[in-house]
Amino acid sequence: RKANEVCGCGVPMWECHFWNEVGDCAFGEWGAVDMDEMLSADEKYARHYSIGRHALLGARRDPPDLSAYRAALGQLYQAIRQVSGSPIIVDSTKRASYAYVLRDVRGINLRVVHLVRDSRGVAYSNTKVRIIRPELANGIGVDDVYMPSRPLWRTAMDWEIKNLLFYSLVGSSKRRRVRYEDLVARPSEEIGAILEFAGVVSRDGGSWDDASRSFELRPYHTLGGNPLRFRRGRVRLEPDDEWRLKMNRSEKALVSIMTLPLLKTYGYATCPGWKERASARAH
C-alpha cells in the first residue's frame, strides 16, 4: 500500500473500493496500521534468506514482532474473505518463508500449490530487460518501473534453492506440486486437481473454454504478480517455450548443470532443445 501499486482492477490501491473496504474491515482503516513496522517484519521473516531464522526459532514462542505480523495477517485475510465472500483466497506469493509465516497464522488452513517450471525457461525469461511493471506505473515512491533482469547463473542458483525450500515447508498432504508444462498441456485436468486439493466442492470451470483453450480475463483485485492480469478479454493459453530456440547450447548446459538434481526429480529432460534448434536451422 505504501507504494500505492495499481490494483488488478486498473486503479491505484488507495482508490480501489475493494481494498479500502478490506482495510476498514480488518483494521478500522488502513491508517491504523503501522506500515513501517509491518514492512520491517516482512523484511525480517518473509524473505528467502529468512528460512534460517525460522529454523532457529523452531517450536519456540514467536518474538513480539513476528506475533504482531501474524496477527495483522490474520485480520487481513479474514477481511479479504468477508469482503469478497469467497472461502478460498489465492495468494500468489512465491516465497517459502512467507508460507512459513502463514502456516501459523490463526484462522488460516494453508494449502501450498508448488508450481514449478523448467529451469531453462525460467532463466531465459529472467534475462529479458525493460519489462514494465504496470502496477508501479503511477511512479509514487517508486524509482524503477521495470522488472529486474538477472544473469543465467543467478536464476539457476535461486531456482534450485527456492524449490528445495518448499520441501521443508509442510507435509506432503498440504503441498501439491504442479508443473507449468503440464498445466498448459492439460489445463482442465490440472485445474480440477488443484480445486480438489484446495477443498473446493464446485467444479464450475468459470470462463474457461476447452474448445478454444481460452479464458476471460476480468478486473480482479490482485496486487503484484504477472503483468498479464491487466489485460482484458479472452486470452488463449499457449506454452511459452521461446527459450528452446533462443538459448544456445552453452547457456542451456550451464543452467542444466546447476539445476540437475531437481530437473531429474521433476521429470525434465537434461539436454532439451538441441533437436529443436537443429530442426529450425534445417528449415
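Residues numbered from 1 in each chain as written. Predicted model: local features only at pLDDT ≥ 70, side-chain atom pairs only at ≥ 80, totals over all residues. Heavy atoms only, no water.

Enquirer: Teacher, can you tell me more about the confidence of the model for the protein chain here?
Expert: Detail in the predicted coordinates should be disregarded across regions flagged by low pLDDT. Overall, the prediction assigns the protein chain a mean pLDDT of 83, with 84% of residues at 70 or greater. When mean pLDDT is taken per element in the protein chain, helix α1 (residues 17–27) scores highest with 95 and helix α13 (residues 274–282) scores lowest with 44. Predicted confidence for residues 274–283 stays below pLDDT 50, and this span has 9 contacts to residues more than four positions away or in other chains. (pLDDT = per-residue confidence, 0-100. Helix = DSSP H or I, 4+ residues; strand = E, 2+ residues; numbered from the N terminus. Contact = heavy atoms within 4.5 Å.)

Enquirer: Could you clarify how one ought to interpret unusual backbone geometry in this entry?
Expert: Leaving glycine out, the prevailing phi sign among residues is negative, and the prevailing peptide bond configuration is trans. One non-glycine residue, Arg-213, lies in positive phi territory at about 50°. One can find Arg-213 in the loop between α9 (187–198) and β3 (214–217).

Enquirer: Got a minute to help me understand the packing of helix α6 (residues 119–126) against helix α11 (residues 249–258) in this structure?
Expert: With their axes 9 Å apart at the nearest point, α6 and α11 run at an angle of 120° to one another. Viewed along their axes, α6 and α11 adopt a mutual orientation that is oblique. Seen along the crossing, α6 lies across α11 with a hand that is right-handed. Side by side, α6 and α11 meet where Ser-119, Arg-120 and Ala-123 of the first sit next to Lys-252, Val-255 and Ser-256 of the second. Grouping the constituent residues of the contact of α6 with α11 by class yields 2 nonpolar, 2 polar and 2 charged. (Axes fitted to C-alpha atoms, helices over the stretch in contact; angles between N-to-C directions. Parallel < 35°, antiparallel > 145°, perpendicular 65-115°, else oblique. Left-handed = near helix turned anticlockwise from the far one by under 90°. Nonpolar A, V, L, I, M, F, W, Y, C, P; charged D, E, K, R; others polar.)

Enquirer: Which parts of the structure should I look at to understand the packing of aromatic side chains?
Expert: Here the distance between the centres and the angle between the planes together describe a pair of aromatic rings. Under the definition given, this model contains 3 aromatic pairs. Ring centres of Phe-18 and Trp-19 lie 5.1 Å apart, and the angle between their planes is 85°; on these two criteria the pair is classed as edge-to-face. Taken as a pair, Phe-18 and Trp-19 share a single burial class, namely buried. Between Phe-27 and Trp-30 the ring centres are 5.7 Å apart and the planes differ by 50°, which places this aromatic pair in the tilted class. The ring centre of Tyr-268 lies 4.5 Å from the NZ or CZ of Arg-179, which sits over that ring. (Phe/Tyr/Trp six-rings, centres within 6.5 Å; stacked < 30°, edge-to-face > 60°. Buried < 20%, exposed > 50% of the residue type's maximum accessible area, 1.4 Å probe, protein only. Lys NZ or Arg CZ within 6 Å of the ring centre and 35° of its normal.)

Enquirer: Would you mind going over the packing of helix α7 (residues 152–167) against α11 with me for this structure?
Expert: Two quantities define a packed helix pair, namely the angle between the helix axes and the distance between the axes. For the pair α7 and α11, interaxial distance at closest approach is 9 Å and the crossing angle is 25°. Between α7 and α11, the interaxial angle falls into the category roughly parallel. For the pair α7 and α11, the sense of crossing is right-handed. Between α7 and α11, the contacting residues are Leu-152, Trp-153, Ala-156, Met-157 and Glu-160 on the first element and Glu-251, Leu-254, Val-255 and Met-258 on the second. Residue classes in the contact of α7 with α11 are distributed as 7 nonpolar, no polar and 2 charged.

Enquirer: Can you help me understand the environment of Leu-262 in this one?
Expert: Tracing the backbone shows Leu-262 in helix α12 (residues 260–265). Setting aside chain neighbours within four positions, we find Leu-262 in contact with Trp-159, Glu-160, Asn-163, Leu-164 and Tyr-167.

Enquirer: Looking at this model, I keep getting lost on the pattern of salt bridges. Mind explaining?
Expert: A pair can form between side chains of opposite charge whenever their charged atoms are brought close. Enumeration over the complete set of coordinates arrives at 18 salt bridges. One salt bridge connects Arg-47 with Glu-43, and the closest N-O pair in it is separated by 3.5 Å. Taking the relative accessible area as the measure of exposure, Arg-47 reaches 23% and is therefore partly exposed. Note that Asp-158 and Arg-154 form a salt bridge whose closest N and O atoms lie 3.3 Å from each other. A residue pair is termed a helical-turn pair when its members lie 3 or 4 positions apart in one helix, as Asp-158 and Arg-154 do in helix α7 at 4 residues. Judged by its relative accessible area of 34%, Arg-154 is partly exposed. Overlapping salt bridges, with partners in common, bring together Arg-179, Asp-182, Arg-186, Glu-189 and Glu-190 in one network. (Salt bridge = Lys/Arg side-chain N within 4 Å of Asp/Glu carboxyl O.)

Enquirer: Looking at this structure, how should I read the nonpolar core?
Expert: Side chains that are nonpolar tend, in soluble globular proteins, to be buried together. Trp-19, Val-22, Trp-30, Tyr-69, Leu-73, Tyr-98 and Leu-102 are the most contacted members of the largest nonpolar core, which totals 34 residues. Secondary structure elements with two or more residues in this core: α1, α2 (35–45), α3 (51–57), α4 (64–84), α5 (96–103) and α7. Looking at which element gives the most residues to this core, the answer is α4, with 8 residues. When near neighbours in sequence (up to four residues on either side) are disregarded, Leu-102 contacts Leu-73, Tyr-77, Asp-91, Ile-108 and Leu-110. Counting residues in hydrophobic clusters, the runner-up holds 7 residues, among them Ala-123, Ala-156, Trp-243 and Val-255. (Core = buried A, V, L, I, M, F, W, Y, C linked by side-chain atoms within 4.5 Å.)

Enquirer: I keep staring at α11 and nothing clicks. Help me out?
Expert: For an α-helix the count is 3.6 residues per turn, leaving residues at separations of three or four pointing the same way. Of all the positions in α11, only Lys-252, Val-255 and Ser-256 are classed as buried. Buried residues in α11, looked at end-on, bunch into an arc of 105°, giving them a common side. Structural note: α11 exposes Ser-250 and Ile-257 on the side pointing more than 90 degrees away from its buried face. (Arc of directions from axis to C-beta.)

Enquirer: Just checking my understanding: could you explain α5 for this structure?
Expert: With 7 of its 8 residues buried, α5 lies for the most part within the structure. For α5, the complete set of buried residues consists of Ala-96, Ser-97, Tyr-98, Ala-99, Tyr-100, Val-101 and Leu-102. Taken together, the buried residues of α5 touch α2, α3, α4 and α7.

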